[in-house]
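# Descriptive analysis of the structure
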Amino acid sequence: MLKPVRLGLVGLNFGATVCRELTGNPALPVRLTTVCDMDAARAQERAAEFGVPYTTSLDQLLDDPAIDAIGLYTGPNGRANLIRRIIRAGKHVMTTKPFERDADEALRVLHEARDLGKVVHLNSPNPRPIAEMVYIKEWISSGAIGRPTVAQASTWVYYGATPPDGSWYDDPQLCPVAPIFRIGIYCVNSFLSIFGEPATVQVTHSRVETKRPTPDNASLTIAFKSGAIANILASFVAASTHDRYRGGTVIGGTKGMIFHGIGPAAREGEAGPNLILSSEDRIESHVITGHSGEYDWEFFAQRVRGEVDHDVTTPEEVAAAIRVVAAMSEAERTGKTVACE
Ligand SMILES: NC(=O)c1ccc[n+]([C@@H]2O[C@H](COP(=O)([O-])OP(=O)(O)OC[C@H]3O[C@@H](n4cnc5c(N)ncnc54)[C@H](O)[C@@H]3O)[C@@H](O)[C@H]2O)c1
């Protein structure tokens, strides 16, 4: 077996879930070696849970020659700066959505990583297309649905009356249009890769049960330069426990439609095929397992080991999504239609 990538993981709130994934599946090509959080009690507790040493200092991980890569699970603000420190210390990075709040910063750090020969991956946009996107892009490029003109996606979970906790989730500047930024972001990334350059965005949002100052119900409409329109509806006040983080997508074109994950429990194929092409000449369907937002550890390890020399997704594609988020933030603040620049 090839030597696993040795990973030190920073940020142990959501990051603890990633630690569970890594330690729960020894077949993965990445091994958790150390955990890190500036909150010492949290770091100590997680170290005990995962049976690895801990530190409260990122620098200590960066100085450790036995660590190949850093899993970076801090909040999205200022992430590029942390990544810069990590790649300059000679380590690779796996991180999470949303990548950054500043598109220019994101571009600069991704180009620097490429120049330094360091891998920086995240879970959305994925560095190579996820299963359903491979089919969707192939169907679209083969002309099966004609010219893509519309799309609609929804994603939901029930959080109820969550209290404010002073974290970035409470701050509309750091967490704009919260349901879209936190869970709808996967759909933003998918739609950009289908429809290309965005022109303008519009936002509608409401607070239904949350006690946080940020919304728990939101809709984002993106108008693309091609004339296509895509809508994303994201909610923290919808779904039974069986339907948490589910949702569905419809993509329409001048000659056909694509349906993904529509209906209860359809997302993981329990109810049969969950990705369907309906075109002039055929109906084609597939069962897609897994979901957007997964971390592609296989590809990460291949890239770190130099078995594959580049990602499919470009830095410019990562930055494009951040520009949409910036426009979305402005639309939330002003209530107006905002151009994506
Ligand atoms: N399914 C998913 O992939 C998924 C799910 C939830 C959250 N996330 C993402 O994970 C990221 C983190 O979310 P969260 O809710 O855990 O945020 P959080 O702010 O609650 O937790 C971040 C943790 O990182 C620690 N930290 C911050 N800066 C540090 C530093 N420089 N050195 C050491 N420790 C540091 C903090 O002490 C805290 O424990 C966000 O980008 C979020 O969008 C992804």
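Nothing here was measured: the structure is a model prediction, and the numbers come from that model.

### Focus on the nonpolar core
Counting residues in each nonpolar core, the largest one holds 92 residues, and the members touching the most others are V201, V324 and M328. Top contributing element to this core by residue count: helix 7 (residues 178-195), with eleven residues. The two domains that each donate at least three residues to this core are domain 1 (5-126 + 294-310) and domain 2 (131-291 + 323-339). If we ignore the near neighbours within four places in the chain, the residues touching M328 are P176, V177, I180, V201, V203 and L220.

### Focus on the sheet that holds strand 1 (residues 5-10)
An order of 3-2-1-4-5-6 is seen for the six strands of this open sheet, with the pairing classed as parallel. Both outer strands of the open sheet, strand 3 (54-55) and strand 6 (120-121), are each paired with one neighbouring strand and no more. As judged from the two bridges shared by strand 5 (residues 92-95) and strand 6, these two strands associate in the parallel manner. Opposite V93, over in strand 6, you have V120 as the bridge partner. Relative to strand 2 (residues 30-36), helix 1 (residues 15-24) is tilted by about 145°, and along the sheet it contacts strand 1, strand 2 and strand 4 (69-72). The sheet strands contacting helix 2 (residues 40-50) are strand 2 and strand 3, and the helix crosses strand 2 at an angle near 150°.

### Remarks on the site of the ligand
Close contacts around the ligand come from 22 residues, with G11, N13, F14, M38 and T74 the closest. Among the residues forming the shell around the ligand, the class breakdown is ten nonpolar, eight polar and four charged.

### Overview of the sheet that holds strand 11 (residues 246-253)
As summarised here, the arrangement of the nine strands in space is 14-13-12-11-7-10-9-8-15, forming an open sheet in which the pairing is mixed. Taken across any chain shown, the strands that pair with only one partner, and hence form the sheet edges, are strand 14 (283-286) and strand 15 (338-339). Inspection of the sheet shows strand 9 (residues 217-224) paired to strand 10 (residues 229-235) by seven bridges, in the antiparallel sense. Directly across from T221, in strand 10, lies its bridge partner N231. In this fold helix 7 packs onto strand 7 (148-156), strand 8 (198-206), strand 9, strand 10 and strand 11, with an angle of close to 160° to the strand it touches most, strand 10.

### Quick notes on helix 9 (residues 315-334)
Its 20 residues give helix 9 an end-to-end C-alpha distance of 29 Å, which sits within 8% of 28 Å, the value for a rise of 1.5 Å per residue. Those residues of helix 9 that sit buried are V318, A320, A321, I322, V324, V325, A327, M328, S329, A331 and E332. Once helix 9 finishes, G335 follows within two positions and takes phi at roughly 75°, a positive value.

### Side note on the pairing of strand 9
Within a regular strand, the side chains alternate between the two sheet faces. Bridge count between strand 8 and strand 9: eight bridges; the pairing is antiparallel. Bridged to P198 within strand 9 is F224.

### So, unusual backbone geometry
Here K97 and P98 are connected by a cis peptide whose omega angle stands at -25°. Note on placement: P98 falls in the loop between strand 5 and helix 5 (103-116). The amide bond that connects S124 to the next residue, P125, takes the cis arrangement and shows omega of 0°. Relative to the helices and strands, P125 is located in the loop between strand 6 and helix 6 (131-141). Backbone geometry at V177 places phi at a positive 40°, although glycine is not the residue there.

### Here we look at the environment of L12
With respect to the secondary-structure elements, L12 resides in the loop between strand 1 and helix 1. With 26 C-beta atoms counted inside 10 Å, the residue L12 sits in the buried group. Considering only alpha carbons, one finds L12 and A47, 35 residues apart in sequence, at a separation of 9.9 Å. Once residues within four sequence positions are removed from consideration, L12 is found in contact with V35, D37, R42, A43 and R46.

### Side note on the domain arrangement of the protein chain
Each domain of the protein chain was delimited in the assignment, giving domain 1 (5-126 + 294-310) and domain 2 (131-291 + 323-339). Contacts between the two partners involve nine residues from domain 1 and, on the opposite side, twelve residues from domain 2. Partitioned by chemical class, the residues of the side of domain 1 that touches domain 2 number three nonpolar, three polar and three charged.

### Details of the pairing of strand 5
Taking every second residue as pointing to the same face, both faces of strand 5 are buried, with H92 and M94 on one and V93 and T95 on the other. Between strand 4 and its parallel partner strand 5, the chain crosses via helix 4 (residues 79-88), and the hand of that crossover is right-handed. Handedness of the β-α-β unit built from strand 5, helix 5 and strand 6 comes out right-handed.

### Regarding the packing of helix 4 against helix 5
Any two packed helices are characterised by the angle at which their axes cross and by the distance between the axes. One can describe the packing of helix 4 onto helix 5 by two numbers: an axis separation of 9 Å at closest approach and a directional angle of 10°. In terms of orientation, helix 4 lies roughly parallel with respect to helix 5. Judged by the twist between their axes, the crossing of helix 4 over helix 5 is left-handed. Contact with helix 4, carried on its side by A80, I83, R84 and I87, involves E105, A106, V109, E112, A113 and L116 of helix 5 and no other residues of that element. The residue inventory of the contact of helix 4 with helix 5, partitioned by class, reads seven nonpolar, no polar and three charged.

Reading the values: the criteria
- Residues numbered from 1 in each chain as written.
- Predicted model: local features only at pLDDT ≥ 70, side-chain atom pairs only at ≥ 80, totals over all residues.
- Core = buried A, V, L, I, M, F, W, Y, C linked by C-beta atoms within 7 Å.
- Buried ≥ 20, exposed ≤ 12 C-beta atoms within 10 Å, placed from the backbone.
- Helix = DSSP H or I, 4+ residues; strand = E, 2+ residues; numbered from the N terminus.
- Domains from an automatic or database assignment.
- Contact = placed C-beta atoms within 7 Å.
- Pairing = 2+ DSSP bridges.
- Axes fitted to C-alpha atoms, helices over the stretch in contact; angles between N-to-C directions.
- Near = placed C-beta within 6 Å.
- Nonpolar A, V, L, I, M, F, W, Y, C, P; charged D, E, K, R; others polar.
- Expected span 1.5 Å × (residues − 1).
- Right-handed = clockwise from strand over helix to strand, strands pointing away.
- Parallel < 35°, antiparallel > 145°, perpendicular 65-115°, else oblique.
- Left-handed = near helix turned anticlockwise from the far one by under 90°.

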